[in-house]
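Single-letter residue listing:
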Amino acid sequence: MSKPKYSVDNPLSTEVLAERPSDSVGEGLYHDALALGEELTERPLRGGGADRVRTQHAKGRMTVWERIKVLTNREPSILWRNWGPALDGASIVTGILDIGGRDVALYGHDFTLRAGSMDATNGAKLARLIYMAGEHGMPLIGMNDSAGAFVPAGVGGLDGYSEAFTALRKISGLVPSISLMFGYNAGGGAYLPRQGSFMIQCKDTFTGITGPGVVKSVLGEDVSAEDLGGPSVHAMNGVCDLTTADELASLRQAIRLLSYLPNDNRSFARFSETSDPVDVHTTEEDLLFRRTFATPAAMNAPMDITLYLQQLVDYGEYFELQPQRARNLITAFGRLGGHVVGFVANNSAVGSGQIDIDAALKGTRFIRFCNLYNIPLIFIEDTTGFRPGTEQESGGIILAGRKLLDAIIDVRTPRMTMIIRNAFGGAYASWNSYYTGADRVFTMPMARIAVMGTAGKDFVYKDEIRTLEREYREAIDRGDSEESARKLRDDGLALLTTRYEKKLMNPMEALSLGSVSSIVMPGESRRVLAENLSFLMRKYQPCPMSGPHREHE
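Residues numbered from 1 in each chain as written. Predicted model: local features only at pLDDT ≥ 70, side-chain atom pairs only at ≥ 80, totals over all residues. Heavy atoms only, no water.

A. Spatial organisation of the packing of aromatic side chains. Applying the stated criterion to the full structure yields 13 aromatic pairs. Between the aromatic rings of F289 and Y308, the centroid separation amounts to 5.5 Å while the plane-to-plane angle is 50°, which identifies the pairing as tilted. One end of the pair, F289, is in helix α11 (residues 283-293); the other, Y308, is in helix α12 (residues 305-312), with 19 residues separating them in the sequence. With respect to class, F289 is no different from Y308; both count as buried. One aromatic cluster in this structure is built from F198, Y260, F319, F333, F366, F369 and Y373. The aromatic ring of F111 is capped on one face by R61, whose charged end is 4.4 Å from the ring centroid. The ring of Y472 has R489 lying over it, and the distance from NZ or CZ to the ring centre is 4.5 Å. (Phe/Tyr/Trp six-rings, centres within 6.5 Å; stacked < 30°, edge-to-face > 60°. Helix = DSSP H or I, 4+ residues; strand = E, 2+ residues; numbered from the N terminus. Buried < 20%, exposed > 50% of the residue type's maximum accessible area, 1.4 Å probe, protein only. Lys NZ or Arg CZ within 6 Å of the ring centre and 35° of its normal.)

B. Main features of the packing of helix α3 (residues 64-71) against helix α10 (residues 247-258). It is at 9 Å that the axes of α3 and α10 come closest, and there the two elements cross at 40°. Looking at the two axes, α3 sits oblique to α10. Between α3 and α10 lies a crossing of right-handed hand. Seen from α3, the contacting residues are R67, V70 and L71; seen from α10, they are E247, L248, L251 and I255. Residue composition of the contact of α3 with α10, grouped by class: 5 nonpolar, no polar and 2 charged. (Axes fitted to C-alpha atoms, helices over the stretch in contact; angles between N-to-C directions. Parallel < 35°, antiparallel > 145°, perpendicular 65-115°, else oblique. Left-handed = near helix turned anticlockwise from the far one by under 90°. Contact = heavy atoms within 4.5 Å. Nonpolar A, V, L, I, M, F, W, Y, C, P; charged D, E, K, R; others polar.)

C. Highlighting the packing of helix α4 (residues 120-136) against helix α5 (residues 155-171). Across the interface, α4 lies against α5 with an axial gap of 7 Å and an inter-helix angle of 5°. Compared by their axis directions, α4 and α5 come out roughly parallel. In contact with A120, G123, A124, L126, A127, I130, Y131 and G134 of α4, α5 contributes G156, G157, G160, E163, A164, T166, A167, L168, K170 and I171. Taken together, the residues that form the contact of α4 with α5 break down as 10 nonpolar, 6 polar and 2 charged.

Next up, the structure:
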């Protein structure tokens, strides 16, 4: 008779196993071999034992096996259940999981064994898994919870990290990877996961080159682990793409992020049939623009671009990356008519949507990822340009802006631009215009496409402005009141501003020159973009990148 086998020593085993014949008929070497086989099979699953598991739980942390069970409800294929005399290789788990019907390569540190530390054996084991992911086109998920190199192993721990570093670099651009940060990760434990595509860090964890103790001993600086390398720090500097409240949220975010990613650089992200129609007028979009721009602030009113993004994507659902950092630029995955799309959108609700160093670097990384993995891009434009000032110039805005422009020029996937409002100067020239390679460029009727904003009137109407200034001085010389003279001058300047806006700050010239394809009326964005995306995706064949790789990437 068969019965379910449940064991506290084997956290993954719930399968029904057949009864064996009585032990009385199986003594000797064969019997001993079977017993040894069971021991070798189940030993890695026990980790460091019940006491170490309780310690892990007392810290509010899951074991590696519990984390695996969140990612999949299917039996995982655990590879290389090995260890040596000093538990070499046992502190890291490697396997292949079925997540949503997809094969996903996975590694996870077992902190209950040697604090998840790395030696040469498990470095080789990890590298083997990583190469396997690249060879077979499987996304990779890493669950990092490690004290770093295993000191008693000597240089072997560093060799293990070196081998893993190299493997992860070799598959970069072949398959996407997601790194989850649990516990305390320093040194190689911080470098390795950031080599991947995306990094997710949860509350009460640390990621850093060195810990607070080393910082204090070397620099004399007192700093907490949270302030040195906690999620609040890395959410702002771009090290982390997402931060979460706890481990469970991190695991679920990884599953959700994975749903937007392809298996490899030779395929599309999974198409998802949608019941959300694309061939209808979106009334909410029309209302959004009316309520934003038909106000006293008029065309200078800030607008949270995520409200517009919700009107474009299927079911209003999108997945934003680096949401705490540089919110003047939004980077997000979403679906449009079932196709996964990368959205890069200026957000005028923060800093007028101007592109600063952080926004440029944030956008560059996202665009390059989409380009590598055959994900089409939609640029939503509403910016007055690159942010000026000594802080930006001294920080290298030219370099950061150049990286962003290079990334846009290099895009080979289908790409479109929708100009919502402001498109000025260098920002317009670089923000996926036809001349940088866009497949389609659309504009709203309220778009202001120009070399400069209203300050441009100083150049276009310089003679009229000089006349107003002369008349102002003459009025003062005649003894007219300064207040009335100033009012006449300011009224004249306001008329010139209005004339400049009506004549030059509109889409007319861009449309007449063919710089944009057509006017899209509010409420029609989803329909127009979805129809054009469907056409472009039918004509695009996913494949790895080829051709020369430029020096600055």
